[in-house]
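# Remarks on the overall topology
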Amino acid sequence: MTEITIYHNPSCGTSRNTLALIRHGGLEPQVIEYLKTPPSKDRLRALIQSMGIPVRALLREKGTPYAELRLEDPKWSDEDLLDFMLAHPILINRPIVVTPLGTRLCRPSEAVLEILPTPKLTPFTKEDGQLVVDEGVRRA
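Described in the following lines is the structure provided in the data block. (Residues numbered from 1 in each chain as written. Predicted model: local features only at pLDDT ≥ 70, side-chain atom pairs only at ≥ 80, totals over all residues. Heavy atoms only, no water.)

## So, the pattern of salt bridges
One pass over the full model with this rule turns up 11 salt bridges. Its salt-bridge partner being Glu110, residue Lys126 comes within 2.8 Å of it at the nearest N-O pair. Taken together, the residues span a long stretch of sequence, with Lys126 in the loop between strand S5 (124–125) and strand S6 (131–132) and Glu110 in the loop between strand S4 (102–105) and S5 at a distance of 16 residues. Two residues, Glu114 and Arg139, come together in a salt bridge whose shortest N-O distance is 2.9 Å. With a gap of 25 residues between them, Glu114 in the loop between S4 and S5 and Arg139 in the segment after S6 connect regions that are remote in the sequence. With relative accessibility at 29%, the residue Glu114 sits in the partly exposed group. (Salt bridge = Lys/Arg side-chain N within 4 Å of Asp/Glu carboxyl O. Helix = DSSP H or I, 4+ residues; strand = E, 2+ residues; numbered from the N terminus. Buried < 20%, exposed > 50% of the residue type's maximum accessible area, 1.4 Å probe, protein only.)

Shown next as structure tokens:
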């Protein structure tokens, strides 16, 4: 079985839809509820590097202490931001999915399709009724 991991927040609709899309493809991922079990600093750094995004791109603003902590201030280094995410895991944007084809912040949820090691999926309906049609495009 293919190893897939999702850093998941069950309270988040995007995260639930991403998990449902993975399962719709017949795959059962390792589910890490990162609010209960946050990744280590090294793991978080590795995930960000694997996604090829800046640390700031993984920060979540809505529903977090982002403004209260004044994280928009450019004085914060990447290491500082990682420390904030570890102290307040809700600051980590989600869901992050790791597959043999890559690592991706799956916003919107259908972004996961690009890294699913499956053939083209049948259409999928998200929680809000939106239809997701898989074009079959995958990372090489």
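## Considerations on the side chain of Thr99
Relative to the assigned elements, Thr99 resides in strand S3 (residues 96–99). For Thr99, a relative accessible area of 7% translates into the label buried. Within the structure, Thr99 has its side chain in polar contact with the backbone nitrogen of Leu101 (distance 2.9 Å). If we ignore the near neighbours within four places in the chain, the residues touching Thr99 are Glu3, Ile4, Ile115 and Pro117. (Polar contact = N/O pair within 3.5 Å; in protein donor to acceptor, adjacent residues only side chain to side chain. Contact = heavy atoms within 4.5 Å.)

## Some details on the nonpolar core
Counting 21 residues, the largest nonpolar core has Leu58, Met85 and Ile96 as the members making the most contacts within it. The set of elements that each furnish at least two residues to this core consists of helix H2 (41–51), helix H3 (78–87) and S3. Those residues in contact with Met85 that lie beyond four places of it in its chain are Leu44, Val55, Leu58, Leu59, Leu91 and Ile92. Among the nonpolar cores identified, the runner-up in size contains 16 residues, and Ile4, Ile6, Cys106 and Val132 belong to it. (Core = buried A, V, L, I, M, F, W, Y, C linked by side-chain atoms within 4.5 Å.)

## Notes on the sheet that holds strand S2 (residues 30–33)
The sheet built from four strands is open, its strands ordered S2-S1-S3-S4 with mixed pairing. Looking along the sheet, the strands with just one partner apiece sit at the ends: S2 and S4. Within the sheet, the average angular offset between the axes of one strand and its neighbour, ignoring direction, is 15 degrees. Sheet topology note: the strand S1 (residues 5–8)/S3 ladder contains three bridges and is antiparallel. Counted as the bridge partner of Thr5 is Val98 from S3. Helix H1 (residues 13–24) contacts S1, S2 and S3 of the sheet and is inclined by roughly 160 degrees relative to S1. Most of the contacts of H2 go to S4, to which it runs at about 95 degrees, and overall it touches S1, S3 and S4. (Pairing = 2+ DSSP bridges. Axes fitted to C-alpha atoms, helices over the stretch in contact; angles between N-to-C directions.)

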